[in-house]
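Chains, contacts and geometry: an overview
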Amino acid sequence: QGCRQRGQGYGRHVTRIGMQPLMAFPDDDRRAVRGVLLDIDDTLTTDGRLTAKAYTALADLRNAGKLVVPVTGRPAGWCDHIARMWPVDAIVGENGAFYFRYDHDERRMTRRYYADGDAIAANRTKLEAIGQQIVAAVPGASIAADQAYRETDLAIDFCEDVPPLDRDAIDRIVGLMTDAGMTAKVSSIHVNGWFGDYDKLTMIRHLFDEIFHVDLDAEKARFVFVGDSPNDQPAFAYFPNAVGVANVRDVADQLMSPPAFVTEERAGDGFTEMTSRLLCDEDLGN
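Keep in mind it's a predicted model, so treat the numbers as computed, not measured.

Thresholds, definitions, all that
Residues numbered from 1 in each chain as written. Predicted model: local features only at pLDDT ≥ 70, side-chain atom pairs only at ≥ 80, totals over all residues. Heavy atoms only, no water. Pairing = 2+ DSSP bridges. Helix = DSSP H or I, 4+ residues; strand = E, 2+ residues; numbered from the N terminus. Buried < 20%, exposed > 50% of the residue type's maximum accessible area, 1.4 Å probe, protein only. Contact = heavy atoms within 4.5 Å. Axes fitted to C-alpha atoms, helices over the stretch in contact; angles between N-to-C directions. Salt bridge = Lys/Arg side-chain N within 4 Å of Asp/Glu carboxyl O. Phe/Tyr/Trp six-rings, centres within 6.5 Å; stacked < 30°, edge-to-face > 60°. Lys NZ or Arg CZ within 6 Å of the ring centre and 35° of its normal. Polar contact = N/O pair within 3.5 Å; in protein donor to acceptor, adjacent residues only side chain to side chain. Expected span 1.5 Å × (residues − 1). Core = buried A, V, L, I, M, F, W, Y, C linked by side-chain atoms within 4.5 Å.

**Considering the sheet that holds strand β10 (residues 190–194)**
In space, the four strands of this open sheet follow the order β7-β8-β10-β9, with antiparallel pairing throughout. The two strands at the open ends of the sheet, each matched to only one other strand, are β7 (142–143) and β9 (183–186). Note: β9 against β10, four bridges, orientation antiparallel. The residue of β10 that forms the bridge with Ala184 is Gly193.

**A short note on helix α3 (residues 76–85)**
Along α3, the residues that are buried comprise Ala76, Cys79, Asp80, Ile82 and Ala83. Tucked into the core, α3 has its buried residues touching β3 (67–70), β4 (91–93), β5 (98–103) and β6 (108–113).

**A look at the sheet that holds β6**
Judged by pairing direction, the sheet is antiparallel, and its three strands sit side by side in the order β4-β5-β6 without closing on themselves. In this open sheet, the two strands that pair with only one neighbour each are β4 and β6. Adjacent strand axes in the sheet meet at a mean angle of 20°, parallel and antiparallel pairs treated alike. The sheet strands contacting helix α6 (residues 200–210) are β4, β5 and β6, and the helix crosses β5 at an angle near 35°.

**Description of the pattern of salt bridges**
Across all of its chains, the model carries 24 salt bridges by this definition. Ionic pairing is found between Asp281 and Arg31, a salt bridge with its closest N-O pair at 2.8 Å. Note that Asp281 is positioned in the segment after α9 (267–278) and Arg31 in helix α1 (residues 27–31), a separation of 250 residues in sequence. Taking relative accessible area as the criterion, Arg31 reaches 48% and is therefore assigned partly exposed. Asp146 is the partner of Arg150 in a salt bridge, and the nearest nitrogen-oxygen pair spans 3.0 Å. Asp146 carries the same exposure label as Arg150, and that label is buried.

**Regarding the packing of aromatic side chains**
Under the criterion given, the structure shown has 12 aromatic pairs. On the basis of an interplanar angle of 20° and a centroid distance of 4.4 Å, the ring pair of Phe98 and Phe100 is categorised as stacked. Sitting over the ring of Phe100, Arg111 keeps its end group 5.4 Å from the ring centre.

**Some remarks on the environment of Tyr99**
Inspection of the secondary structure assignment puts Tyr99 in strand β5. Taking the relative accessible area as the measure of exposure, Tyr99 reaches 2% and is therefore buried. Along the sequence, Tyr99 and Pro139 sit 40 residues apart, while their C-alpha atoms lie 34 Å from each other. When residues no more than four places from it in sequence are discounted, the contact partners of Tyr99 are Ile91, Val92, Thr110, Arg111, Arg112, Met203, His206, Leu207, Glu210 and Ile211. At 2.7 Å, the side chain of Tyr99 forms a polar contact with the side chain of Glu210.

**Focus: α9**
Helical geometry: 3.6 residues make up each α-helical turn, so side chains three or four residues apart lie on a common side. Between its first and last C-alpha, α9 extends 17 Å over 12 residues, near the 16 Å set by a 1.5 Å rise per residue. For α9, a buried count of 10 out of 12 residues is recorded, marking the element as mostly surrounded by other parts of the structure. In this structure, the buried residues of α9 make contact with α1, β2 (35–38), α2 (52–63), β11 (223–227) and β12 (243–244).

**A short note on the nonpolar core**
In summary, soluble globular proteins display a tendency toward joint burial of nonpolar side chains. Ranked by size, the top nonpolar core spans 36 residues in total, and within it Val36, Val224, Val226, Phe271 and Met274 carry the most contacts. Among the elements of the structure, β2, α2, α3, β5, β11 and α9 are those that each provide at least two residues to this core. Setting aside anything within four residues of it in sequence, one finds Val226 in contact with Val36, Leu37, Leu38, Asp39, Thr43, Val243, Val245, Phe271 and Met274. Formed by 27 residues, the second largest nonpolar core is a distinct cluster that contains Ile204, Val214, Ala242 and Leu255.

The structure is reproduced here in structure tokens:
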């Protein structure tokens, strides 16, 4: 739990100017919301687990007719399961490397990648070698347990299944990835690196254009993005009604683009709080 609260000096629990309490979300804007995009780790989950309350909140959004799209750094193997099994309309995975959408009526999965198959295959050997170099150079760092299920990126664990590393070690991992020509982003549990200039927002835009046929530039105020980490910043900056769960304050000193609003509760409880606020005019039959 310590790493998820930025133990060992990682972050200083500073409140960034500009993040308003969730209750400041204007009612007219709230009622106009068409959908919710959400990070998973430490936004939907709490201490590494998906609680019944948070999963119910996810289902409540979908039952209320909202588009629901997780946007995560988690691997393709997980995303295939989530697209099929969770109450979601699609999922963006590996920090924007792809989106998956499962059509239950046609029993068909749509998989759309940023890079072509040849490039993905060519990068796998390089990712493996870079991962071994990083683990050798940064004591305590480890290849993430979910790496075997990834298709496009390298995930270095700094606190999920290892004792939490300090800020200097995390910065060292980022630096080694950058030196290798990779894009590197820090989540609440991993440093993710990949070859390419995409991010979560890049693939969100492709998804909304190609699958949902939504002009996102015109409609972005009607979609809420919920997150907690520095790698969520492109979406925080783009969506005017972005929401951070309370633990986003732990990394406020690293955010050039904070979310507009912040919940009182942390992690999955914060996501549930956001859902309750968004649907407070809805009769969910509870």
